[in-house]
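Survey of secondary and tertiary structure
Here is how the chains run, residue by residue.
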Amino acid sequence: MALRALVLVIALAVLPACGGGADDAPSAATGSTVTDRPASSTTTTLATGVAQDPLPDDGPEHFTTPSGNIGCMFTGDLAEGSVRCDVAERDWQPPPRPADCELDWAVGVELDSRGPRHVCAGDTVMGGGAVLAYGRTAAHRGLECASEVRGVSCLHRATGRGFAVSRASYRWFIQCQTVGFTPASEDAAGQVRATGLDCDAAEAFVDRAGRVTSSGGPESVEVDGWRCVRTGHADDPLPRSEFDCTKGERRVSFTRT
């Protein structure tokens, strides 16, 4: 139970990025090139992650990040909720416009039970929403979005699928299980998110990588051909560091306590 509570704390906590730039800074590990992109506005092929316990509705249903560069809105109902986030200024390029999109292409990204995808729309969700401070989370209709200095990440809790978007990049991911290293302790890696591999493979990798990383360990390590870089650190309520690991087009991120 202590471990489960810790994971929730990590999910809601602020983990400062290693650079400046409110939700505009490129990832220290990956730059602005992100993989696992869908080829059209239809649902992308993405493995199902691990279902998360539902959260009570909380926070604004329409919000803007403090920088004003990302705006998001929850829509739908509990049976089929969705969230859309638009980016005012971006450095990344979306895939080619699909033939069936006759409106503005890739003005943002959206997420529902089918998974994340780019938006084809003639409107915008930018502007008008409440400011969601960095480190805060909004949850509605079975989805949750976290506002962080490095961007916004949103998760569909029943499927474990999600996206992360910023000025510098976007990413589709699946959320996986917490990996524990010492039984009945907080020695673990939580917030395990994978792109380009399933949860079994991601958790097996984190089991190896987590044993050579720690909240106070080296800034970067090499593990089985993967490069893991510390991208954030916080000491309250417990020391923890966020790591981003890449190998070719595959990517796994986790929070080490």
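Right above here is the structure, for reference.
A brief report on the enclosed structure follows. Nothing here was measured: the structure is a model prediction, and the numbers come from that model.

So, on to the overall build of the protein chain. Of the regular secondary structure elements, the protein chain holds two helices and 17 strands. Classification of the 257 residues of the protein chain by burial places 52% in the buried group. Look at the contacts in the protein chain between residues 6 or more apart in sequence, and 59% of them connect residues 24 or more apart. Element-wise, carbon and sulfur atoms account for 52% of the exposed surface of the protein chain, whose accessible area totals about 11,000 Å².

This next bit is on the pattern of salt bridges. Summed over all chains, the structure comprises 16 salt bridges. Notably, a salt bridge pairs R211 with D207, separated by 3.1 Å at the nearest N-O pair. Note on R211: relative accessible area 52%, which makes it exposed. Since its relative accessible area comes to 27%, D207 is described here as partly exposed.

With that settled, consider unusual backbone geometry. The phi dihedral of A106 falls on the positive side, at around 60°, and the residue is not glycine. Looking at the element boundaries, A106 is found in strand β4 (residues 104-112). On the basis of relative accessibility, which here comes to 0%, the residue A106 falls in the buried class. In this structure, D224 takes a positive phi of about 50° despite not being glycine. Structurally, D224 can be placed in the loop between β14 (220-223) and β15 (226-234). On the basis of relative accessibility, which here comes to 47%, the residue D224 falls in the partly exposed class.

Cut-off values and rules
- Residues numbered from 1 in each chain as written.
- Predicted model: local features only at pLDDT ≥ 70, side-chain atom pairs only at ≥ 80, totals over all residues.
- Heavy atoms only, no water.
- Helix = DSSP H or I, 4+ residues; strand = E, 2+ residues; numbered from the N terminus.
- Buried < 20%, exposed > 50% of the residue type's maximum accessible area, 1.4 Å probe, protein only.
- Contact = heavy atoms within 4.5 Å.
- Areas by Shrake-Rupley, 256 points an atom, 1.4 Å probe, with all protein chains shown as cover.
- Salt bridge = Lys/Arg side-chain N within 4 Å of Asp/Glu carboxyl O.

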